[in-house]
Amino acid sequence: MPNFTDVTEFTLLGLTCRQELQVLLFVVFLAVYMITLLGNIGMIILIGISPQLQSPMYFFLSHLSFVDVCFSSNVTPKMLENLLSETKSISYVGCLVQCYFFIALVHVEVYILAVMAFDRYMAICNPLLYGSKMSRTVCVRLISVPYVYGFSVSLICTLWTYGLYFCGNFEVNHFYCADPPLIKIACGGVHIKEITMIVIAGINFTYSLSVVLISYTLIVVAVLHMRSADGRRKAFSTCGSHLTAVSMFYGTLIFMYLRRPTEESIERGKMVAVFYTTVIPMLNPMIYSLRNKDVKEAANKAITKTYVRQ
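Conventions adopted
Residues numbered from 1 in each chain as written. Predicted model: local features only at pLDDT ≥ 70, side-chain atom pairs only at ≥ 80, totals over all residues. Heavy atoms only, no water. Phe/Tyr/Trp six-rings, centres within 6.5 Å; stacked < 30°, edge-to-face > 60°. Helix = DSSP H or I, 4+ residues; strand = E, 2+ residues; numbered from the N terminus. Contact = heavy atoms within 4.5 Å. Disulfide = S-S within 2.5 Å. Buried < 20%, exposed > 50% of the residue type's maximum accessible area, 1.4 Å probe, protein only. Axes fitted to C-alpha atoms, helices over the stretch in contact; angles between N-to-C directions. Left-handed = near helix turned anticlockwise from the far one by under 90°. Nonpolar A, V, L, I, M, F, W, Y, C, P; charged D, E, K, R; others polar. Polar contact = N/O pair within 3.5 Å; in protein donor to acceptor, adjacent residues only side chain to side chain. Pairing = 2+ DSSP bridges.

A. Region of the structure containing the packing of aromatic side chains. This model, assessed by the stated rule, comprises 18 aromatic pairs. When the centroid spacing of 6.3 Å and the interplanar angle of 40° are considered together, the rings of Tyr92 and Tyr162 count as tilted. In this pair, Tyr92 sits in helix α3 (residues 92-125) while Tyr162 sits in helix α5 (residues 136-162), placing the two residues 70 residues apart along the sequence. Measuring from ring centre to ring centre gives 6.2 Å for Phe101 and Phe151, while their planes differ by 80°; the resulting arrangement is edge-to-face. Placement of the pair is Phe101 in helix α3 and Phe151 in helix α5, with a sequence separation of 50 residues. The rings of Phe71, Phe102, Phe175, Tyr176, Phe249 and Tyr276 are connected pair by pair, giving a single aromatic cluster.

And the structure:
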């Protein structure tokens, strides 16, 4: 029988053990985190104050920005603290809380991306019914589902994480508490946690990605039947930003969670995790603003009004 040990805290090994890189990484990730906060909070405020950004698409985009802020804030502050700390520890309760919010926010984000794809389908394929079918009430209901479902599923997943047993090795080979490295160091309760992680991730990624793929297949068919070249160009431009965000987020998560945890996969997973916990939340506001005429016009008007008032 394994000699199970009570856990009070874990040691997060982080991205690198090279001391000379710690300060450099701290500066880089602090800058990325500040840009993430400014970009996403700025997007939320801009959508809230701009009359031309009151359509369902921007309503969903404001929630995507909110989730990105929460997603990055769940991981980055502790990572920054540990980069300058000698102990690099996180309490057992803190680890479970971080796991809970991480899993919840991942599920919320993938389903918000699916809802945004459905919204684009309704706008392009059913433009005459779009205003009535995508009313404010419908949008609120659609955006509520990812939050309720994501936090409910996360509670179940975190309880399975709580069911893991450890035998003295409390060093987590990651910069935050993630399921794969925790499974790797556990010595009990591993099988059910490993299977449920892969099954739940597989089901949710497959279902949400299916909504995205079906929506965009129907959009492509509708766009190809458009007679106006300007209409086709406008339709593809509004979808391009969303497809870029979907590709980046789903690609990195599938690489991370749809495989059995091994030492090699965890090492590679750390590099991928940097991308979806810090880089993607920073890039999303840029992707949706740089390629979107309405957002750029709203930003210019907001800046002009600010200068006029001064």
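Still more ground to cover, so stick around.
B. Local environment of the side chain of Thr196. Among the structural elements, Thr196 can be located in helix α7 (residues 190-224). If we ignore the near neighbours within four places in the chain, the residues touching Thr196 are Trp160 and Ala201.

C. Structural context of the state of the cysteines. In the structure shown here, the tally under the stated rule is two disulfides. Here Cys95 is linked by a disulfide to Cys177, with a sulfur-sulfur distance of 2.0 Å. Taking the sign of the S-S torsion, about -120° here, the bridge from Cys95 to Cys177 comes out left-handed. Highlighted residues: Cys95 in helix α3 and Cys177 in the loop between β4 (171-172) and α6 (179-185), separated in sequence by 82 residues. Overall, Cys95 belongs to the buried group, its relative accessible area being 2%. Relative accessible area serves as the criterion here: at 1%, Cys177 is assigned to the buried category.

D. The environment of Glu86, seen in detail. Examined against the element boundaries, Glu86 turns out to sit in the loop between α2 (56-83) and β2 (89-91). Here Glu86 falls in the exposed class, since its relative accessible area comes to 81%.

E. Spotlight on the packing of α3 against α5. The geometry of α3 relative to α5 is characterised by a closest axis approach of 8 Å and an angle of 150° between their N-to-C directions. For the pair α3 and α5, the sense of crossing is right-handed. Within the contact of α3 with α5, the residues separate by chemical class into 23 nonpolar, five polar and no charged.

F. View of the side chain of Asp179. Tracing the chain through its elements places Asp179 in helix α6. Residue Asp179 is classed as buried on the basis of its relative accessible area of 6%. A polar contact of 3.2 Å, which involves the side chain of Asp179, links it to the side chain of Thr161.

G. Region of the structure containing unusual backbone geometry. Positive phi, normally seen in glycine, also occurs at Lys88, with a value near 55°. You can see Lys88 is positioned in the loop between α2 and β2.

H. Structural detail: the pairing of strand β1 (residues 9-12). Residue alternation in β1 divides its side chains into a buried set, Phe10 and Leu12, and an unburied set, Glu9 and Thr11. As paired strands, β1 and β2 are joined by three bridges and run antiparallel to one another. When the sheet's bridge partners are listed, Glu9 is paired in β2 with Ser91. Here β1 pairs with β4 via two bridges, running parallel. For Thr11, the partnering residue across the bridge sits in β4 and is Glu171.

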